[in-house]
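Single-letter residue listing:
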Amino acid sequence: MNKYAAITLLAATLVGCDNNTAPLSFTPEMASFSNEFDFDPLRGPVKDFTQTLFNEKGEVSKRVAGTVSTEGCFDTLELHDLEANTGVALVLDANYYLDAETQQRKVKLQGKCQLAELPSAGVTWDTDDNGFVVAAHGKEMEVKYRYDADGYPLGKTTVSGDQHLSVQSTPSKDIRKRMDYSAVSMLNDKPLGNVKQSCDYDRHNNPVSCDLTITDDSVKPAVERKYTIKNTIEYY
């Protein structure tokens, strides 16, 4: 074997080892925020990102944008629901997120940058020993959140009065493609709807584009809506 062949073999071996390396887990902040604010969590040294949801007509339905510190804290987070004509831009300031426009304190934090309290709604969040938000409590409701060993959000259960809403997500068995998932929603043990998503991924095992199908089983006949998601992600 000549030296060039040896170098080629070594390079191929190293590449193979790299491909077999397990992807980075989802951080407690990324997993918890995505669970609470309804966006796909991302792995790795994310600096900033946008997630844009397009309907079948190619119109923007929802948009999420955030900037993340090297420590994994959300420095800013923007949430826009164009269909509902609602939105908010949050800016980190000490242990609060402020409304970027009014400077009003919106969300109180625990530790460096994890959710603690939503004062205006009387909601508080609990975390486990690993820092993941596992429960939320309000005057008339309680939410419990679930995660897998990788930190992937598996869904949540909300109880409010006699209403019991559960969302159960089942991700791909391929840990590099966690955003390929199906989810089922149940209201008082009756099917409410289901979601299926499949994505293309970047080298950090984060989705860059996804096809999303939402089926509403609460009406007869069931209504199916198709969406696409486009992500832009910048890394440190």
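Remember, predicted model here, so these are calculated numbers, not experimental data.

### Re unusual backbone geometry
Trans is the prevailing form of peptide bonds, just as negative phi is the prevailing case for residues other than glycine. Here the amide bond leading from Lys220 into Pro221 is cis, since omega sits at -5°, within 30 degrees of zero. Within the element layout of this structure, Pro221 appears in the loop between strand S15 (207-216) and strand S16 (223-235). A positive phi angle, near 65°, is found at Asp38, a position not held by glycine. Relative to the helices and strands, Asp38 is located in the loop between helix H2 (28-37) and strand S1 (46-54). Look at Asp38 and you get exposed, because its relative accessible area is 59%. The backbone of Asn188 sits at a positive phi, close to 50°, despite the residue not being glycine. Structurally, the position occupied by Asn188 is in the loop between strand S13 (181-187) and strand S14 (190-201).

### Side note on the confidence of the model for the chain
Low pLDDT means the predicted atomic positions in that stretch should not be read closely. Taken residue by residue, the chain gives an average pLDDT of 92. The fraction at 70 or more is 92%. This stretch, residues 1-18, has a pLDDT under 50; its non-local contacts, to residues over four places away or in other chains, come to three contacts.

About the cut-offs
Residues numbered from 1 in each chain as written. Predicted model: local features only at pLDDT ≥ 70, side-chain atom pairs only at ≥ 80, totals over all residues. Heavy atoms only, no water. Helix = DSSP H or I, 4+ residues; strand = E, 2+ residues; numbered from the N terminus. Buried < 20%, exposed > 50% of the residue type's maximum accessible area, 1.4 Å probe, protein only. pLDDT = per-residue confidence, 0-100. Contact = heavy atoms within 4.5 Å.

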